[in-house]
Amino acid sequence: NLNDHLRDGVDGVRRRGIPVAGYDHFGDSDHHDGTLYIPLEGKRRIAWLVTVPRVPRIAAFRASDLQFLWSTELPRQQKAGWCAIDSRGVLHSSNGRVTPLIRKDEGPLFRYRIDGNAITFLDRVVLRDEQGTPVVLDSMQGGAFATAAG
């Protein structure tokens, strides 16, 4: 366990644990307007040797010092391995599989408006290629928006 050997501040690296009990996985994060947004996944025990996934969350940290600010559930999602924020400040995420059809653990991207210390679900968007054909992506672990070339 690396945590046994690492100390906060060594080599200039800030180390922070997961601040929400029951969550053990940080997904692919994004930064917007001085805040770092990180999706969280975890499991809960329902019987001896039986666990089920927890409702995924988004956690917000102040980017300058990694101070935990808040977190909120993503109740429409079963997974949240990543998030990306577009130029308008809209947060995007998905379940593990991106498809044009809505089924358990898959479907179009989720879009959320960031509202201070919370997020509000906006809609779902089908991801399409340059020709307008719906895209299917398995095992989503990250996403990003291209910046305009200058």
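Residues numbered from 1 in each chain as written. Predicted model: local features only at pLDDT ≥ 70, side-chain atom pairs only at ≥ 80, totals over all residues. Heavy atoms only, no water.

Draft legend 1. Geometry of the side chain of R111. Residue placement: R111 occurs in strand β11 (residues 109-115). Given the relative accessible area of 17%, R111 is considered buried. Of note is the side chain of R111, whose polar atom sits 2.6 Å from the side chain of D123. Excluding residues that lie within four positions of it along the chain, R111 makes contacts with R88, V90, L91, H92, T120, F121, L122, D123 and V125. (Helix = DSSP H or I, 4+ residues; strand = E, 2+ residues; numbered from the N terminus. Buried < 20%, exposed > 50% of the residue type's maximum accessible area, 1.4 Å probe, protein only. Polar contact = N/O pair within 3.5 Å; in protein donor to acceptor, adjacent residues only side chain to side chain. Contact = heavy atoms within 4.5 Å.)

Draft legend 2. Summary view of the packing of aromatic side chains. Scanning all chains against the criterion turns up six aromatic pairs. Judged by centre distance (6.2 Å) and plane angle (65 degrees), the ring pair of Y37 and W70 falls under edge-to-face. With Y37 in strand β3 (residues 35-47) and W70 in strand β6 (residues 68-73), this residue pair connects regions lying 33 residues apart in the sequence. As far as the burial class goes, Y37 and W70 line up, both buried. Look at F61 and F68: their rings are 5.6 Å apart centre to centre, the planes differ by 65 degrees, and that puts the pair in the edge-to-face class. The buried category is assigned to F61, whose relative accessible area is 4%. Judged by its relative accessible area of 28%, F68 is partly exposed. Between R54 and the ring centre of Y23, over which it is positioned, the NZ or CZ distance is 5.9 Å. Its end group placed over the ring of F121, R76 keeps NZ or CZ at 3.8 Å from the ring centre. (Phe/Tyr/Trp six-rings, centres within 6.5 Å; stacked < 30°, edge-to-face > 60°. Lys NZ or Arg CZ within 6 Å of the ring centre and 35° of its normal.)

Draft legend 3. Broad picture of the pattern of salt bridges. For the coordinates displayed, the defined rule picks out eight salt bridges. A salt bridge links E106 to R103, with the shortest nitrogen-to-oxygen separation between them at 3.4 Å. Overall, R103 belongs to the partly exposed group, its relative accessible area being 47%. Here D123 makes a salt bridge to R111, at a shortest N to O gap of 2.6 Å. Taken together, the positions of D123 in strand β12 (residues 118-125) and R111 in strand β11 put the pair 12 residues apart, joining distant regions of the chain. You can call D123 partly exposed: its relative accessible area is 27%. (Salt bridge = Lys/Arg side-chain N within 4 Å of Asp/Glu carboxyl O.)

Draft legend 4. Representation of the pairing of strand β4 (residues 50-53) in the model. Bridging between β3 and β4 involves four bridges; their strand directions are antiparallel. Bridge pairing in β4 places R45 opposite T51. The hairpin formed by β3 and β4 contains two residues between the paired strands, and L49 there has a positive phi angle of roughly 65 degrees. (Pairing = 2+ DSSP bridges.)

Draft legend 5. Expanded view of the sheet that holds strand β7 (residues 84-85). On the basis of which strands lie adjacent, the open sheet formed by four strands has the order β7-β8-β11-β12 and antiparallel pairing. Either end of the sheet is taken by a strand with one partner, and the two such strands are β7 and β12. Pairing of β11 with β12, which is carried by seven bridges, proceeds in the antiparallel orientation. If you follow Y112 over to β12, its bridge partner there is F121.

Draft legend 6. Geometry of the nonpolar core. Y37, I58, L74, L91, Y112, I114 and I119 are the most contacted members of the largest nonpolar core, which totals 13 residues. Looking at this core element by element, the count peaks at three residues for β11. With near-sequence residues (within four places) excluded, I114 lies in contact with Y37, I85, G89, L91 and I119. Counting residues in each nonpolar core, the second largest holds seven residues, with V20, Y23, I38 and A59 among its members. (Core = buried A, V, L, I, M, F, W, Y, C linked by side-chain atoms within 4.5 Å.)

Keep in mind these values describe shape, not function.
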